[in-house]
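Topology and contacts: notes
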Amino acid sequence: MSNPKQFVLVSPLDYGALDRFALTYATATEVQPGAIVEVPLVSKTGLGVVTGPAPQPQFATKALLRVLDLPALPPHLVELAEWLHHYYLASPKSVWQTMLPAGLLQRRRPPRRAAVPPFQLKPLDHPLTVEQQAAIAAIKAGRHHSYLLQGVTGSGKTQVYIELAKEALAAGRSVIVMVPEIALAPQLGAQFRAVFGDQVIASHSRLTPAQRHRAWTAAQADGAKVIIGPRSSLFLPLSRLGLIVVDEAHETSYKQEQSPRYHAVTAAAKLAALAGSKLVLGSATPGLGELYLTERGRIGLVKLTQRANLAAPPAATIVDLRDRSQTGRNRFISRPLAEALETTLAAGRQSLLFLNRRGSASSHICTDCGRAETCPHCQLALTFHADLLRLVCHICNHRAAPAAVCPPADGGCGSSALRYVGGGTKRIEDEVRRLLPAARLARLDKDSATPRYLDEVYRGLHDGQIDVLIGTQMIAKGLDLSRLDLVGIILADSMLHLPDYTAAERTFQLIAQVSGRAGRGDRAGRVIIQSYTPDHPAIVAGAEGTFERFAAAELTSRAALDYPPHAHLLKLTCAAPSQDKAIAAASRLADQLRQTGGLKLLGPAPAFRERSAGRHHWQIVVKAKRRSRLLAAAKLAPSGWTVDLDPVNLL
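A few points on the structure. Just so it is clear, the structure is predicted and the values come from calculations on it, not from any experiment.

**Remarks on the pattern of salt bridges**
- A complete count under the given rule lists 19 salt bridges for this structure.
- Residue Glu429 is joined to Arg443 by a salt bridge in which the shortest nitrogen-to-oxygen separation is 2.9 Å. Linking Glu429 in helix α11 (residues 425-435) with Arg443 in strand β20 (residues 441-444), this pair joins segments that are 14 residues apart in sequence.
- Among the residues examined, Arg443 registers a relative accessible area of 24% and is labelled partly exposed.
- Where salt bridges share partners, they join Asp14, Lys44 and Lys93 into one cluster.

Here it is as structure tokens:
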């Protein structure tokens, strides 16, 4: 006698439609939710994930072809996939391509040669501070599932993570520790391996497909483990998840820029709720969104206000680049910074030079008073377009000719010393070599950040074989070096004048984060901040480390302009072969959106990168108090448009 027919919902891995996440199929045997199966589609066969049972439909259904001999996905991952589909309006195809490793059915050969041993550190042997003990107790016993761990740089947040991980592993539950940059994985991984040994699994995009597949398989194996990696580490199939840590939770790299355009902090909160685990968001400079949630009691707040070694924070000096006597003959290194580099090298200590390369040479800046030209409507920096000889607002499309002098009528000084500034890490390295020919230099940016090179740099830094490290955002956080005495910030203004509402927040965070690398050993640290706008509140607050005062002022400003966290945002971008077609398409959609209630529109305007890959890009920014209104608005975007819900910036 044959088994009675049953029905299941299957989410195909190659299904691009947005209207449905799962399709109904028949099966003669019981199939476990999370099982990976082969199913017939319209004109082909494909793989899918069983999401659960289905009621008997009123229409004819096709049958499952087979159940693959692979472990079923944990229920919380299946639920998370469906949530990503609905919350970010992402197709099942894009969701599963993000969550599952490529080549599920490929047979993997064992590696032919032994892997290079990972970077190693000795276990931290100093006792927990009173603040660390209190933070651990509060997170363990607190009523919240999610906590913001706000700790000044050097306060020992990593040790708090490790102690919380010990409890989870002792209970047989696994841990995910997320980092925003691949550059942070070797050091953090070494700190966790020093305590947990082979229970630690590294997972990141720089692994080969075979290595990623082995990490996926290791995550499925029995036993509790610690996963360390970027946002994709959320999706490893851990059956019992007890703790999720998001280190440097304020970082924008936790937002994925391709579909599904999810934010890993939001996804981690959802995963923690589904799996019944704790979530800890660690940062010295929390995002204003997370701070806003703590003020309203949505998540818990735990603070570490002192460095773990009780040392004073590094002393910061702001160098005014408008003062010609400070700059000398060097283009990028001021006289005070050059002297500090020479003194630090002579003492046998280490220096770090940070360059925020993003957004360089985008604004028209007066080098006498530091004023940058801004949009009169959006209060954001205008961007110079050489092909138009115009300054353009990339939010509302206001345009203006560059001023010949700094306009006194708008608060300027009347000077004609207007210029565009910027430079890359290689040019900084060349200048430092001329200044310090005997120094041993290393450069670290996205172009050089292979896993092997990262390990070499970290070994060299910890062994004292590198005197000066030059780099971009990758070195602004996470580095814990006892010999590092000096931090130099080449140009603090490079992000400040980007045409984005988060520009001041990001500037403050970068200054505070990179400054915190100095003075973690037995000597006082020193920070030199070079700026054309030394009096700007974000730069002053970053130098002083006065987070609360800066955050309060910035939140007030955001409320007045209806920016997050006081409203939700949607960014809609179209691409067309000509500017006229891009403008026409954007205007049509904007007219349609204006007929929808509860929305506030900015634009249409040219995107920050208006021309790319031979296409013209125009965007519309939509604000709403209720996110559901933005979901409805996003569904009005024609096929081919880029839909970004909850963008972290408007660039």
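And the narrative resumes.
**Overview of the nonpolar core**
- Formed by 49 residues in total, the largest nonpolar core has its most connected members in Leu84, Trp96, Met99, Leu234, Ile244 and Val246.
- Listing elements by their share of this core, those giving two or more residues are β4 (45-53), α1 (75-87), α2 (92-99), β7 (174-178), α6 (209-220), β10 (241-247), α7 (264-275) and β11 (278-283).
- At 7 residues, α7 tops the list of elements feeding residues into this core.
- When sequence neighbours within four positions are dropped, the list of residues in contact with Met99 reads Leu77, Leu80, Ala81, Leu84, Trp216 and Phe235.
- In terms of nonpolar packing, the next biggest core, distinct from the first, is built from 43 residues, Ile182, Ala442, Ile475 and Ala512 among them.

**Brief notes about α11**
- Residues of α11 that are buried: Thr425, Ile428, Glu429, Glu431 and Val432. In a view along the axis of α11, the buried residues occupy a sector of 165 degrees, so they form one face of it.
- Buried positions along α11 lie against β14 (350-354), β20 and β21 (468-471).

**What about the environment of Leu100?**
- Within the element layout of this structure, Leu100 appears in the loop between α2 and α3 (130-141).
- Taking the relative accessible area as the measure of exposure, Leu100 reaches 9% and is therefore buried.
- Taking C-alpha positions, Leu100 is 56 Å from Ser416, a pair spaced 316 residues apart along the chain.
- Discounting residues that sit within four places of it in the chain, Leu100 has contacts with Leu13, Val49, Leu73 and Trp216.

**What about the sheet that holds strand β26 (residues 615-624)?**
- Taken together, the 4 strands give an open sheet; going across it, the order is β25-β26-β24-β27, and neighbouring strands pair in antiparallel fashion. The strands lining the two open edges of the sheet, one partner per strand, are β25 (600-612) and β27 (642-645). When the angles between neighbouring strand axes are averaged without regard to direction, this sheet yields 20 degrees.
- Bridge count between strand β24 (residues 568-576) and β26: 9 bridges; the pairing is antiparallel. Counted as the bridge partner of Cys574 is Trp618 from β26.
- Its contacts with the sheet place helix α17 (residues 627-634) against β24, β26 and β27, and it is angled at close to 15 degrees to β24.

**Comments concerning the packing of aromatic side chains**
- In this structure the tally under the stated criterion is 9 aromatic pairs.
- Pairing Trp83 with Tyr87 gives two aromatic rings, centres 4.7 Å apart and planes at 20 degrees, and the pair type is stacked. Of this pair, Trp83 and Tyr87 both sit in helix α1, 4 residues apart, which is roughly one turn of the helix.
- What makes Trp83 buried here is its relative accessible area of 15%.
- Members of the aromatic cluster, joined through ring pairs, are Trp83, Tyr87 and Tyr88.
- One residue, Arg627, lies across the ring of Tyr88, its end atom 5.7 Å from the ring centre.

**Quick notes on unusual backbone geometry**
- Looking along the chain, the bond that leaves Ser259 and enters Pro260 is cis, with omega of 0 degrees.
- The topology assignment puts Pro260 in the loop between β10 and α7.
- The step from Pro564 to Pro565 runs through a cis peptide bond, and the omega angle for that step is 10 degrees.
- Mapped onto the fold, Pro565 is located in the loop between α15 (547-561) and β24.
- The phi dihedral of Glu248 is positive, around 50 degrees, even though this residue is not glycine.
- Its place among the elements puts Glu248 in the loop between β10 and α7.

About the criteria used
- Residues numbered from 1 in each chain as written.
- Predicted model: local features only at pLDDT ≥ 70, side-chain atom pairs only at ≥ 80, totals over all residues.
- Heavy atoms only, no water.
- Salt bridge = Lys/Arg side-chain N within 4 Å of Asp/Glu carboxyl O.
- Helix = DSSP H or I, 4+ residues; strand = E, 2+ residues; numbered from the N terminus.
- Buried < 20%, exposed > 50% of the residue type's maximum accessible area, 1.4 Å probe, protein only.
- Core = buried A, V, L, I, M, F, W, Y, C linked by side-chain atoms within 4.5 Å.
- Contact = heavy atoms within 4.5 Å.
- Arc of directions from axis to C-beta.
- Pairing = 2+ DSSP bridges.
- Axes fitted to C-alpha atoms, helices over the stretch in contact; angles between N-to-C directions.
- Phe/Tyr/Trp six-rings, centres within 6.5 Å; stacked < 30°, edge-to-face > 60°.
- Lys NZ or Arg CZ within 6 Å of the ring centre and 35° of its normal.

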